[in-house]
Amino acid sequence: MPNASAIEGQWPKFQNGGLSSIDTALPTEWSPEQNIAWTADIKGYGQSTPIVAHDQIVVTSTSGENKDDYHVSSFAIDTGELNWQVDVANPSPFKNSPMVSRAAPSAVATEAGFVAFFEGGVLLAISPSGETQWKRDLVAEFGPITARHGLSASLEADSTRVFVWVEREEAPYILAVNPTTGEDIWKADGLGATSWASPRLVPVEDGQQLVCSASGKLVGLDPSTGERLWEFTDLSNNTSNTPTIVSEGRFLIGASDGRGETNAGASAASNGLIEISKGDDGKFQAGFVWQAKKATCTFGSPVLAGDTAAIVNRTGVLYRLDLETGEQVSAKRTDAGGLWATPLVAGGNLYLFGYKGTTSVISLADGKEIAENRCWPEGGDGEETPGFGGGNVLYAAAPAGDRLLIRRGDKLYAIGAK
């Protein structure tokens, strides 16, 4: 299958560019007292994914009552020691609140280093050794970024472009910028619908397309020009999930059960396998290959798990659907509960990262839950880093060598032998 990215690194971008299945065997059992190699404090608070590239781990965060400052921090893979930290003043301060995104966009690795983006409009490039290469203020250039619950779209990139999606309430836009200079390559209209998903490069027969998902709408763009190639609207409640690549021209899409949204009954049918194809007129189109009957997502996107699609609903029920037909293979409640992080498949196991801190490990061989793990005690120091409704939140996970990284708002955990 074609790779979705030309960027080198073990986990160089959000959800590894939609390729959330890896061959590396990762640890399956841990606890606060066992099998944690190191922990690292993250300055302030952040919700983004750790990026693993250029022999280091990079995370983003924000601090201050009004998200006054932004931070890009690099940690050593082996020890968790801080390599460097770049601090940037927020040019558009906004009241820090658990109900609004806090450094949610994940950074992306490039050949020259890293590019990071923050909801206050700061877009900057940093070398592998921590020097700022260029910096922009998109609010000063294009106006305020105002969106319900803030901005969440992570950066996407190929070898020559970094893609920035600002789906705001007025005049949303998508940018392609030069990773070396920071200059615009093109600017296109956004989707004009609610979204907390991220743009995704999807391989197609003649290259790649940039796919964006917002409520009731999927759009495919030409990555080189920003031209809109197709639009698909026969779905709903797909506000939070980013497409997961299955094969050339095919990707999984997820939707929630529509709490607080309209047309909630259609949400299961909006989880499924989408195919991009060319019509007889030579124009691209997209549509469902199959649609789920019962399975719905929350914030964690569907993933490819062996010959099935794995989808976890808000109460922690894991649905596995046959990848070719969409028929339900199994439905089991897990100990993880609801997910904010997208699951990971590694070494024949499926990892489900519950937002309250419990990770369930499922064997793909027999579908059994083989372990239930935590990095911190349940309810421990819960008031220090409140999520929605309080408590510590598990936001993301990524592999780093043969270790597993768990990202909490204020802390990074590396699981595996010391």
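Refer to the preceding data block for the structure.
Residues numbered from 1 in each chain as written. Predicted model: local features only at pLDDT ≥ 70, side-chain atom pairs only at ≥ 80, totals over all residues. Heavy atoms only, no water.

**Q** In this structure, what is going on with the packing of aromatic side chains? I would like to understand it.
**A** How two aromatic rings sit relative to each other is set out by the distance from centre to centre and by the angle between their planes. Per the stated rule, a full pass over the model turns up 11 aromatic pairs. With 5.9 Å between their ring centres and 85° between their planes, tyrosine 45 and tyrosine 395 make a pair best called edge-to-face. Linking tyrosine 45 in the loop between β2 (36-41) and β3 (51-53) with tyrosine 395 in strand β31 (residues 394-400), this pair joins segments that are 350 residues apart in sequence. The pair formed by tyrosine 45 and tyrosine 395 is uniform in burial state, with each residue classed as buried. Accessibility expressed as a relative area gives 8% for tyrosine 395, which makes it buried. Lying across the ring of tyrosine 45, arginine 102 places its NZ or CZ 3.9 Å from the centre. One residue, lysine 187, lies across the ring of phenylalanine 142, its end atom 4.9 Å from the ring centre. (Phe/Tyr/Trp six-rings, centres within 6.5 Å; stacked < 30°, edge-to-face > 60°. Helix = DSSP H or I, 4+ residues; strand = E, 2+ residues; numbered from the N terminus. Buried < 20%, exposed > 50% of the residue type's maximum accessible area, 1.4 Å probe, protein only. Lys NZ or Arg CZ within 6 Å of the ring centre and 35° of its normal.)

**Q** Which parts of the structure should I look at to understand the environment of isoleucine 22?
**A** Tracing the sequence through the fold places isoleucine 22 in strand β1 (residues 21-22). Taking C-alpha positions, isoleucine 22 is 4.9 Å from alanine 346, a pair spaced 324 residues apart along the chain.

**Q** Any chance you could explain the sheet that holds strand β14 (residues 184-189) here in plain terms?
**A** Working definition: the strands of a sheet are paired by backbone hydrogen bonds and lie parallel or antiparallel to each other. Here 4 strands make up an open sheet; going across it, the order is β11-β12-β13-β14 and the pairing antiparallel. Both edges of this open sheet fall to β11 (156-157) and β14, since each of them pairs with a single strand only. Note that strand β12 (residues 162-166) and strand β13 (residues 173-177) share 5 bridges and pair antiparallel. Across the sheet, the residue bridging to valine 164 is leucine 175, located in β13. (Pairing = 2+ DSSP bridges.)

**Q** For this particular structure, what's the right way to read the nonpolar core?
**A** Within soluble globular proteins, side chains that are nonpolar tend to cluster in buried spots. Judged by nonpolar contacts, the single largest core of 33 residues is most densely connected at Ile57, Tyr351, Phe353, Leu404 and Ile406. For this core, the elements supplying multiple residues, two or more each, are β2, β4 (56-63), β27 (344-346), β28 (349-353), β31, β32 (403-408) and β33 (411-415). Contact partners of leucine 404, with chain neighbours within four places excluded, come to Leu26, Pro27, Trp30, Leu344, Tyr351, Phe353, Ala397, Ala398, Tyr413, Ala414 and Ile415. Membership of the second largest hydrophobic core comes to 18 residues, among which are Val108, Ala125, Val139 and Val162. (Core = buried A, V, L, I, M, F, W, Y, C linked by side-chain atoms within 4.5 Å. Contact = heavy atoms within 4.5 Å.)

**Q** Sorry, what's going on with unusual backbone geometry here?
**A** With glycine set apart, most residues show a phi of negative sign, and most peptide bonds adopt trans. One non-glycine residue with positive phi stands out, namely histidine 54, at about 50°. Looking at the secondary structure, you find histidine 54 in the loop between β3 and β4. The class of histidine 54 is partly exposed, set by a relative accessible area of 28%. A positive phi angle is found at asparagine 237, which is not glycine, with a value near 60°. Counting through the fold element by element, asparagine 237 comes out in the loop between β18 (228-232) and β19 (244-247). On the basis of relative accessibility, which here comes to 2%, the residue asparagine 237 falls in the buried class.

**Q** I'm lost on the pairing of strand β22 (residues 284-291) in this one. Help?
**A** Moving residue by residue along a regular strand, the side chains alternate between the two faces of the sheet. The pairing of strand β21 (residues 272-278) with β22 spans 7 bridges and is classified as antiparallel. Its bridge partner lying in β22, lysine 278 is registered against phenylalanine 284. Hairpin connection of β21 to β22: 5 residues between the antiparallel strands, including glycine 282 at a positive phi of 85°.

**Q** Teacher, can you tell me more about the pattern of salt bridges here?
**A** When charged atoms on two side chains of opposite charge get close, those side chains can pair. In total, this model carries 12 salt bridges according to the counting rule given. We note a salt bridge from aspartate 41 to lysine 411, for which the minimum N-O separation is 2.6 Å. Within this pair, whereas aspartate 41 is found in strand β2, its partner lysine 411 is found in strand β33, the two being separated by 370 residues in sequence. Classification of aspartate 41 as exposed rests on a relative accessible area of 57%. Overall, the relative accessible area of 17% leaves lysine 411 in the buried class. Between arginine 161 and aspartate 158 there is a salt bridge; the shortest N-O distance is 2.9 Å. Both residues of the pair, arginine 161 and aspartate 158, count as buried. (Salt bridge = Lys/Arg side-chain N within 4 Å of Asp/Glu carboxyl O.)

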